[in-house]
Structure formats: C-alpha cells, structure tokens
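So the chains spell out like this:
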Amino acid sequence: MKRILITGGAGFIGSHLCTRLLSEGNEVICLDNSFTGSKDNIMHLLGNPRFELVRHDVINPYHVEVDQIYNLACPASPVHYQHNPIKTVKTSVMGAINMLGRAKRVGARILQASTSEVYGDPAIHPQPEPYWGNVNPIGIRSCYDEGKRCAETLFMDYHRQNNVDIKIIRIFNTYGPRMHPNDGRVVSNFIIQALRGEPITIYGEGNQTRSFQYVDDLVEGMVRMMNDSGDFTGPVNLGNPNEFTIRELAEKVIELTGSKSRITYLPLPSDDPRQRQPDITLAGEKLGGWRPTIQLNEGLLKTIGYFQSIIQQTT
Ligand code: NAD
Ligand code: UDP
C-alpha cells in the first residue's frame, strides 16, 4: 500500500485515477480547488477510509508526506483554461514548483500530466516525443500550452539539479464518463447536443483531426508509467492513434445516439491545431507493451450512457 497525492483528483481524469488506485489498496489524498472538478465525481469514494478529499489550490504550497504524487491540477478544456488565463499559467507553473518542492522534500516520485498541446499546431505528423513543437507563445491557447511546457522544463530541471524522481506523460485527447458537461470539449459537446436534439456545433469546416483515447486506457498507461517504467523519466505520449476528422466524429455521434440533430458550422477558434495523432512507439517499448484497447464505438457508447443519466437527473 502506498500513500498517494493526486492534485486535480476531483476532475474527469483524476476521479478515474483515484478510483483505480483505491481499488488497488492504496491510500489516496485528492487535492482539488473545485474549479472544474466536482464532489459528484468522487462521491462514490467519500465513504472509503483510505480516501481523503482536501480543498486546496496548488498555487499555494501544501505540506504532506506521501510516496507518490500525480500532478493533474489544471483546467483542460479551452473554454475553462481561457476563462482566467493568468490563473492557468499560475496553476501550471506554481503548481509544478510547489509539488516538485514537496516531492524533493519527502523523496516522493512525481508524475506530471502534460499534454499533446506542447506540440502546438504540429508540423510533423504523427507526433513523436523528440519533436519540439510549433507553439504560438502569445495566442489564446498559450496560457495552457506554454504553462504546460514550462512545467515540463521545471520537472526536468528538478530532476537534473535535485535528483527528484520524475515522470512526464503527454496526454492526447481523452474522453469518457465524468467529463464536465459544460466544459466545451468536442466529445461532451457533441453527445449532449445529440441527446438534446440540438444542432451539433462544428468549428470551422470540420476537417481538423484529433485522435481520442478512452479514459481507462489512459489510466492504465499512467499507472504503468508511475510504477513499471524503471528509471525512464519520459516524456512519453499516451494516446490512441486512431485519427479522424471532427466531421466524422459528429456523424459517428449522431449514428450512435440515433439523434435527429443537424450539423451547424461555427467559426474556428484561433490557433486550433489542424491535425493531431500520437506516435505511441515509445510508450509500447517502455510501458510493457501498453497500447489502447478500447475502440471508439465502445468508448462513445459508455460515454453516451453517462451523459444520458446526467440529462435524466437534471430534467
Ligand atoms: P478537468 O478540468 O476535469 O480536471 C482538472 C482538475 O484540476 C479539476 O478537478 C479542477 O478543479 C482542478 N484544478 C484546476 N486548477 C486547480 C488549482 N489551481 N488547484 C487545485 N486544483 C485545480 O480536466 P481533465 O481532463 O481531468 O485533465 C486533467 C489533467 O490532464 C490536466 O492537467 C490536463 O491538462 C491534462 N490533460 C487532459 C487531457 C484530456 O483530453 N482530458 C489532455 C491532455 C492533458
Ligand atoms: N470543436 C468543435 N465543436 C465543438 C467543440 C470543439 O468543432 O463544439 C473542435 C475544436 O475546434 C477542435 C476539436 O473539436 O478542433 C477538439 O476540441 P477540444 O476542445 O475537445 O480539444 P482540443 O482542441 O484541445 O484538442
């Protein structure tokens, strides 16, 4: 049994990680400021004596003795991270400094939830880890992209300078139950719009591509990276290489929900990456043959079921 701190643990990915680590007998401290996360996401864990929820903001130091830290605290959807961009930078950068300081002090291993956004609007396709990216430093996505890039820098420097035991994963678009219904990400938007019979909002012409992984595949990769990757620090890509256009995703959601929604086209936000697909060769080599196992149809059906139940509760 390990004592594990998960920052951002009440969010979409964090809540699945809390559930998984508790099911393996660990003690889990979930630290969250409730910005985009919610108690509802971890309600099923609150009665567990090995689970503790702490309301705290990672931009302030937090003192705790733990064996491992998963640093997930940061809004992930463009709508939320652009809501207060200065706070987003502070969360990534000061949050990383505070958690790395803690890891250094207590000798904990620490994993950073980085992102495919460090590749920006990529000029290389698919994206392998050695690619340095094509990121606009002054655009509306920069608070997130550059914040996450700076956090990677801090992780590497604490490792080189202070020998902190670090792991960096670059997460590609992930979806599943407990995504925030209003966070504006494409999978949740399309499913909710389809279930309500509202127009499906495609930004631009829908030719941009993404590659979506189901949350359980990601959590498996995160746990392997933390526990079974030896002295490999990463960064390593974790994503599903199954790439498709946003228009294809809209059509798939309409088909799987049986919706009568029509598609409507809205302006494309600036700096929206045109294509994205992970090269997961390194993850396979370093993480015991890890690869995603849940295909899009199966993952979407589970997510649709989740949003159906949310909509029923609120109507
Ligand atoms: P989310 O918004 O559901 O979760 C983020 C959590 O962090 C929320 O619970 C929020 O309340 C908390 N938080 C935000 N600012 C905080 C602060 N200052 N102090 C304490 N807690 C704070 O998003 P998610 O999809 O679960 O993403 C989790 C992590 O994974 C993020 O770091 C994100 O950048 C990264 N990531 C996610 C994706 C994805 O597709 N979901 C892709 C790449 C990277
Ligand atoms: N998108 C869209 N309609 C929506 C929400 C998003 O067409 O209602 C597009 C968005 O412009 C982007 C893609 O879907 O090209 C993925 O968006 P998301 O915010 O989920 O993730 P990210 O852009 O961070 O990869």
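Residues numbered from 1 in each chain as written. Chains lettered and ligands numbered in written order. Predicted model: local features only at pLDDT ≥ 70, side-chain atom pairs only at ≥ 80, totals over all residues. Heavy atoms only, no water.

What follows concerns the nonpolar core. Grouped together as the largest cluster of nonpolar side chains are 57 residues, with contacts concentrated most on Leu17, Tyr70 and Met222. In terms of residues, this core owes the most to one element, helix α7 (residues 215–227), which gives seven residues. Not counting the four nearest positions on each side in its chain, Leu17 is found in contact with Ile6, Tyr70, Leu72, Val219, Met222 and Val223. Listed in part, the 24 residues of the second largest apolar core include Leu31, Val58, Val66 and Ile166. (Core = buried A, V, L, I, M, F, W, Y, C linked by side-chain atoms within 4.5 Å. Buried < 20%, exposed > 50% of the residue type's maximum accessible area, 1.4 Å probe, protein only. Helix = DSSP H or I, 4+ residues; strand = E, 2+ residues; numbered from the N terminus. Contact = heavy atoms within 4.5 Å.)

In this structure, Leu268 sits in the loop between β13 (263–266) and α9 (281–286). The class for Leu268 is partly exposed, based on a relative accessible area of 43%. Between the alpha carbons of Leu268 and Cys143 there is a distance of 19 Å; along the sequence they are 125 residues apart. If we skip the residues at most four places from it in the chain, Leu268 touches Tyr203, Gly204 and Gln208.

Right, let's talk about the site of ligand 1 for a bit. In the neighbourhood of ligand 1, 29 residues make up the surrounding shell, with Asp32, Thr36, Tyr144, Lys148 and Arg185 lying closest. Within the backbone of Phe35, an N or O atom sits 3.0 Å from an oxygen atom of ligand 1. Take Leu72: an N or O atom from its main chain is 2.8 Å from an oxygen atom of ligand 1. In isolation ligand 1 has 820 Å² of accessible area, and contact with the protein removes 97% of it. (Near = heavy atom within 4 Å. Polar contact = N/O pair within 3.5 Å; in protein donor to acceptor, adjacent residues only side chain to side chain. Areas by Shrake-Rupley, 256 points an atom, 1.4 Å probe, with all protein chains shown as cover.)

Attention shifts here to the site of ligand 2. In the neighbourhood of ligand 2, 17 residues make up the surrounding shell, with Asn189, Thr201, Arg210, Asp272 and Arg276 lying closest. Take Asn173: an N or O atom from its side chain is 2.9 Å from an oxygen atom of ligand 2. Burial of ligand 2 by the surrounding chains reaches 96%, relative to a free accessible area of 520 Å². Its residues assigned to classes, the shell around ligand 2 shows six nonpolar, five polar and six charged. (Nonpolar A, V, L, I, M, F, W, Y, C, P; charged D, E, K, R; others polar.)

A few words on unusual backbone geometry. In the segment running from His125 into Pro126, the intervening peptide bond is cis, with an omega of -10 degrees. Note on placement: Pro126 falls in the loop between β5 (109–115) and α5 (142–162). Positive phi is not limited to glycine here, since Arg178 has a value of about 80 degrees. Here Arg178 is to be found in the loop between β7 (174–175) and α6 (186–196). Positive phi values are uncommon outside glycine, yet Asp271 reaches one of about 65 degrees. You can see Asp271 is positioned in the loop between β13 and α9. Residue Asp271 is classed as partly exposed on the basis of its relative accessible area of 34%.

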